[in-house]
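Fold and contact review
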Amino acid sequence: MEDETTVLEGGQHWDPAKVGAHWQQELERAQRYFKSWHDRCVKIEKIYLDQQADQTSAAKRRFPMLWANTAVLQPAVYARVPQPVVERRFKDADPVARIASEIVERNLAYAGDEADLDSIMRAVRDDFLLCARGTVWLRYEADFEPLDMGVAPSDPAAENGLPGGLGATLETIADERVCIDYVHWSDFLHSPARRWKDVTWVARRVPMSGEEMEKRFGREAMASGAAQAAGARKGESQAERAENEGRTHVWEIWCKSENYTIWIADGSPVALEVSEPPLELTHFWPCPRPAYGTMSTSSLIPVPDYVYYQQQCDEIDLLTRRINKLTDQLRLKVFYPSGDGAISPAIEKAMRPDNDMVMVPIPEWAAFTDKGGSKAVVTLPIDEVQKVIVACMAARKQLIEDVYQITGISDIVRGDTQASETATAQRIKSQWGSIRIRDRQAELARFARDIIRLAGEIICDQFQPETLMLVSGIKLPSMAEKQQVQMQLQQMQMAAGQAAMRAQQMGQPAQAPPAMTPPELPPQLQRMMGQPTIDEVVQLLRNDSIRGFQIDIETDSTIEPDEDAEKQRRMEFVQMVGGFIQQAGAMAQQNPMLVPVMVETLLFAARGFRAGRQLESTLEQVGAQLSQAATAPKPEPQPQPSPAEMLKLKTAEVKAGAEQRKAELGVAQAEIEHRAMLEQARGEAAAQAIDQMRASYQ
């Protein structure tokens, strides 16, 4: 029995058969819970896609109201890809938090580009507008490669299972990424609840081929789970069945109450896999709260917007078909006497539809004029038909206006206005239209923000330091590199001290202690020593309690922006800095003690501008230099000496120079004598060695 159970890290034993049967019941219960909403969304999607099809017959023509409203709202609620903005929650002077924020922001921007976040958000937007719910699913993927430890497979240590043999099995991460998967509205389920915080499990349906399942779960799981799912639903339409051909629907379930994940094939009583959650996320779920449309406080079943104006759309379609039928009756129908020899064929020839201009000769003209000439031709009146068409069009227009009132699409949103309207009237219309759709814009912006927050959390918890620096393009030193530079500095100081001691022993004058004048570092090393280490940044990112207070992840507005908005923000920042420097410069000249206060004030204002983030580090460096220069004690001015004192100073300088030259000559003479003594000693030692060699030969 032990072989048929799954043991988690906490020691729990799970039977795949029991777990699979339980979750099949949970999935069926959730499907029954959402069945009415699912059926309604299927009909709405069919209406949306089929409104432009089969329009040849007047009896089947429809007014594409749903498609038109959706096309108008699509760019109004979402128009561009969200841009991540990672900032310190508190705008304090913390270089580690600032660098960490910039690294995470660049990694998020790259992750969004790689995952094609724009197309995912557009698909979610369409589900949100049509079915009132859209969602995504986030994953972490890593590619591994074997780590070469320099141990051959035939090494005795490897054969005995010693640590040296681990070189053949160890792997290292070659690449890693955050994957953002779009989930169709019909492939997402969760436990029935009134609020999202009360949800206990979420699930998504993933179509997988046989090769993918075997690679993911193994052959044994394929035999026990996927084979029994052969009778599962393959699709309701022909297109859906074609898409699912050769694939098995597998549910990925995250259970928060039991703290595990389950993989189970659709319709199978046996679970494919029961394991610990692969990601430790703050709110447990690998997906953000779905983007919801209209909902009540009694359940999480949304109501599509089309439901509220469906009856008006049905009436509009009825009037459209009626107008088309009546329009077909707007034809010229002529009655004329028959059997009058050449007169009837002449009238028929003149009234043919393909004759734009024709001259018809009539042989029996007298008989034609006796019967009334042109009055012999009688047309069917169509004035009444025209009046009915006008009335139907007026009724349809009123219904369309009712739909616009229900949906909140004002004239200015549709681009329809009148030249006689004043600018105030148009501004009021624009504000009213934006108010009605502002909640939808905010909901999609919230959804995009939650996606980026989840991706940021995965990046902070999972990405390796090398990946963080490689993707962001920011190179930071490690703690070991900084320690190595410091050791080199200490060695240089020790070498300088030893050189000074040797110079003193040689009789040279003593110089300043080397510890007081440390060696000058190259500019590149100075910049490196002034940067935080990647170890400090990673430690900050890995610590949830610290990261939550220092880094915040938001997104730009996802609606169509003003083209001059970024330029305007930069101009405001430049004007603010220029005006502040102009006013603060005069005050600093009068009272230098206020310079530190002014520097902090400038940094406080600059941190409030997104455009000032790139200059924040430079402003901090310049501000520190100005504050240090302003607060440094200035030397007291020395009194000007008298001419007699100047003469004494000059005389003392001359004497000091002469004594210094005398000392230098003495040192040089002593060095020459010392070298001469060394040469003499070397010569005597060589002579003694020669004498000893001669004595040994004799």
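Residues numbered from 1 in each chain as written. Predicted model: local features only at pLDDT ≥ 70, side-chain atom pairs only at ≥ 80, totals over all residues. Heavy atoms only, no water.

Right, let's talk about the overall build of the protein for a bit. Tallying secondary structure elements over the protein gives 23 helices and 14 strands in all. The buried share of the protein, reckoned over its 698 residues, is 34%. At a minimum sequence separation of 6, the contacts of the protein that also span at least 24 residues come to 75%. Of the roughly 43,300 Å² of accessible surface on the protein, 54% is carried by carbon and sulfur atoms. (Helix = DSSP H or I, 4+ residues; strand = E, 2+ residues; numbered from the N terminus. Buried < 20%, exposed > 50% of the residue type's maximum accessible area, 1.4 Å probe, protein only. Contact = heavy atoms within 4.5 Å. Areas by Shrake-Rupley, 256 points an atom, 1.4 Å probe, with all protein chains shown as cover.)

What follows is about the packing of helix α4 (residues 95-114) against helix α18 (residues 534-542). Look at α4 against α18: their axes get within 9 Å of each other, and the N-to-C directions meet at 75°. Our classification of the angle between α4 and α18 gives roughly perpendicular. Counting all contacts with α4, which are made through Val96, Ala97, Ile99, Ala100, Ile103 and Val104, the residues of α18 involved are Glu536, Val537, Leu540 and Leu541. Class assignment of the residues belonging to the contact of α4 with α18 gives a composition of 9 nonpolar, no polar and 1 charged. (Axes fitted to C-alpha atoms, helices over the stretch in contact; angles between N-to-C directions. Parallel < 35°, antiparallel > 145°, perpendicular 65-115°, else oblique. Nonpolar A, V, L, I, M, F, W, Y, C, P; charged D, E, K, R; others polar.)

Here we take up the sheet that holds strand β5 (residues 171-183). Spatially, the 3 strands line up as an open sheet ordered β5-β4-β11, and their pairing is antiparallel. The strands lining the two open edges of the sheet, one partner per strand, are β5 and β11 (291-292). (Pairing = 2+ DSSP bridges.)

Together, Met587, Leu594 and Val597 make up an exposed nonpolar region whose accessible area comes to about 250 Å². Its place among the elements puts valine 597 in helix α21 (residues 595-606). (Patch = residues over 30% accessible without salt bridge, like charges linked within 9 Å, V, L, I, M, F, W, Y side chains within 5 Å. Salt bridge = Lys/Arg side-chain N within 4 Å of Asp/Glu carboxyl O.)

What follows covers the pattern of salt bridges. Summed over the entire model, instances satisfying the criterion amount to 22 salt bridges. Aspartate 187 serves as the salt-bridge partner of arginine 205, at 2.9 Å between the closest nitrogen and oxygen. With arginine 205 in strand β7 (residues 201-209) and aspartate 187 in the loop between β5 and β6 (188-190), this residue pair connects regions lying 18 residues apart in the sequence. You'll find arginine 205 and aspartate 187 in the same group, each marked buried. Each member of the salt-bridge network shares a partner with another, and the members are Arg139, Glu141, Asp143, Asp175, Arg177, Asp181, Arg204 and Glu252.

Another aspect to go through is the packing of helix α10 (residues 310-328) against helix α13 (residues 383-407). Viewed as axis vectors pointing N to C, α10 and α13 meet at an angle of 160°, and their least axial separation amounts to 9 Å. By the angle between their axes, α10 is roughly antiparallel relative to α13. Of the two possible hands of crossing, α10 and α13 adopt the one that is left-handed. Taken together, the residues of α13 that come into contact with α10 (itself represented by Gln312, Glu315, Ile316, Leu319, Thr320, Arg322, Ile323, Leu326 and Thr327) are Val385, Val388, Ile389, Cys392, Met393, Ala395, Arg396, Leu399, Ile400, Val403 and Ile406. Its residues placed into classes, the contact of α10 with α13 shows 14 nonpolar, 3 polar and 3 charged. (Left-handed = near helix turned anticlockwise from the far one by under 90°.)

Before going further, it helps to examine the pairing of strand β9 (residues 260-265). The buried fraction of β9 is high, at 6 of 6 residues. Going residue by residue along β9, you find Tyr260, Ile262 and Ile264 tucked away on one face and Thr261, Trp263 and Ala265 tucked away on the opposite face as well. Bridge analysis of strand β8 (residues 247-255) against β9 gives 6 bridges, and the strand direction is antiparallel. Residue pairing for β9: valine 250 is matched across the bridge by alanine 265. Linking β8 to β9, which pair antiparallel, is a turn of 4 residues; within it asparagine 259 sits at a positive phi near 60°. Bridging between β9 and strand β10 (residues 271-275) involves 4 bridges; their strand directions are antiparallel. When the sheet's bridge partners are listed, isoleucine 262 is paired in β10 with valine 274. Joining the antiparallel neighbours β9 and β10 is a turn of 5 residues, in which glycine 267 adopts a positive phi near 90°.

With that settled, consider the environment of valine 307. Relative to the helices and strands, valine 307 resides in the loop between β11 and α10. Spatially, the C-alpha atom of valine 307 lies 10.0 Å from that of cysteine 41, the residues being 266 residues apart in sequence.

Quick look at unusual backbone geometry now. Here aspartate 116, not a glycine, exhibits a phi torsion of approximately 55°, which is positive. Mapped onto the secondary structure, aspartate 116 falls in the loop between α4 and α5 (117-131).

Another aspect to go through is the sheet that holds β10. For sheets, the rule is that strands pair by backbone hydrogen bonds, running either parallel or antiparallel. In spatial order, the strands read β6-β7-β8-β9-β10; together these 5 strands make up an open sheet with antiparallel pairing. Each having just a single partner strand, β6 and β10 make up the two edges of the open sheet. The sheet shows a mean angle of 20° between the axes of neighbouring strands, taken without regard to direction. Taken strand by strand, helix α1 (residues 16-33) contacts β6, β7, β8, β9 and β10, and its axis lies near 80° from that of β9. Where helix α7 (residues 210-217) meets the sheet, its contacts fall on β7, β8, β9 and β10, and the angle it forms with β7 comes to roughly 125°.

Turning next to the packing of aromatic side chains. All told, the structure shown has 10 aromatic pairs when counted by the stated rule. Clustering of aromatic rings is evident, with ring pairs tying together Tyr33, Phe34, Trp37 and Trp185. When the ring centre of phenylalanine 34 is taken as reference, the NZ or CZ atom of arginine 133 above it lies at 5.5 Å. Above the plane of the ring of tryptophan 263 lies arginine 216, whose end atom (NZ or CZ) is 4.9 Å from the centre. (Phe/Tyr/Trp six-rings, centres within 6.5 Å; stacked < 30°, edge-to-face > 60°. Lys NZ or Arg CZ within 6 Å of the ring centre and 35° of its normal.)

Now for the side chain of glutamine 441. Looking at where glutamine 441 falls in the secondary structure, it is placed in helix α14 (residues 423-462). Within the structure, the side chain of glutamine 441 is placed 2.8 Å from the backbone oxygen of alanine 76, a separation counted as a polar contact. (Polar contact = N/O pair within 3.5 Å; in protein donor to acceptor, adjacent residues only side chain to side chain.)

For serine 101, the position within the fold is in helix α4. For serine 101, the side chain forms a polar contact with the main-chain oxygen of alanine 97, separated by 2.7 Å.

Turning our attention to the nonpolar core. Counting 101 residues, the largest nonpolar core has Trp201, Val202, Ile253 and Val537 as the members making the most contacts within it. No other element matches α14, which puts 11 residues into this core. (Core = buried A, V, L, I, M, F, W, Y, C linked by side-chain atoms within 4.5 Å.)

A few words on helix α3 (residues 65-77). Here α3 spans 18 Å end to end across 13 residues, near enough to the 18 Å set by a 1.5 Å rise per residue. Residues Met65, Leu66, Asn69, Thr70, Leu73, Gln74, Ala76 and Val77 constitute the buried set of α3. (Expected span 1.5 Å × (residues − 1).)

A separate point is the environment of alanine 68. Position of alanine 68 relative to the elements: it lies in helix α3. It is 9.5 Å that separates the C-alpha atoms of alanine 68 and tyrosine 48, two residues lying 20 residues apart in sequence.

This part is about the confidence of the model for the protein. Predicted coordinates in areas of low pLDDT are best not read in detail. Here the protein averages 77 in pLDDT, and 68% of its residues register 70 or above. In the model of the protein, helix α6 (residues 156-159) stands out as the element of lowest mean pLDDT, 46, in contrast to β6, which has the highest, 96. In this model residues 156-168 is a low-confidence stretch, pLDDT under 50, and it forms 11 contacts with partners more than four residues away in sequence or in other chains. Long-range and interchain partners of residues 512-516, a stretch whose pLDDT sits below 50, account for 3 contacts in this model, where long-range means more than four residues apart. (pLDDT = per-residue confidence, 0-100.)

For α5, spanning 15 residues, the distance from its first C-alpha to its last is 20 Å, which sits close to the expected 21 Å at 1.5 Å a residue. All of the buried residues along α5 are Leu117, Ile120, Met121, Val124, Arg125, Asp127, Phe128, Leu129, Leu130 and Cys131. With its phi angle positive at about 70°, alanine 132 sits one or two positions after the end of α5.

Here arginine 98 is to be found in helix α4. Note on arginine 98: relative accessible area 15%, which makes it buried. A sequence separation of 11 residues divides arginine 98 from glutamate 87, and the C-alpha atoms of the two residues are 7.5 Å apart.

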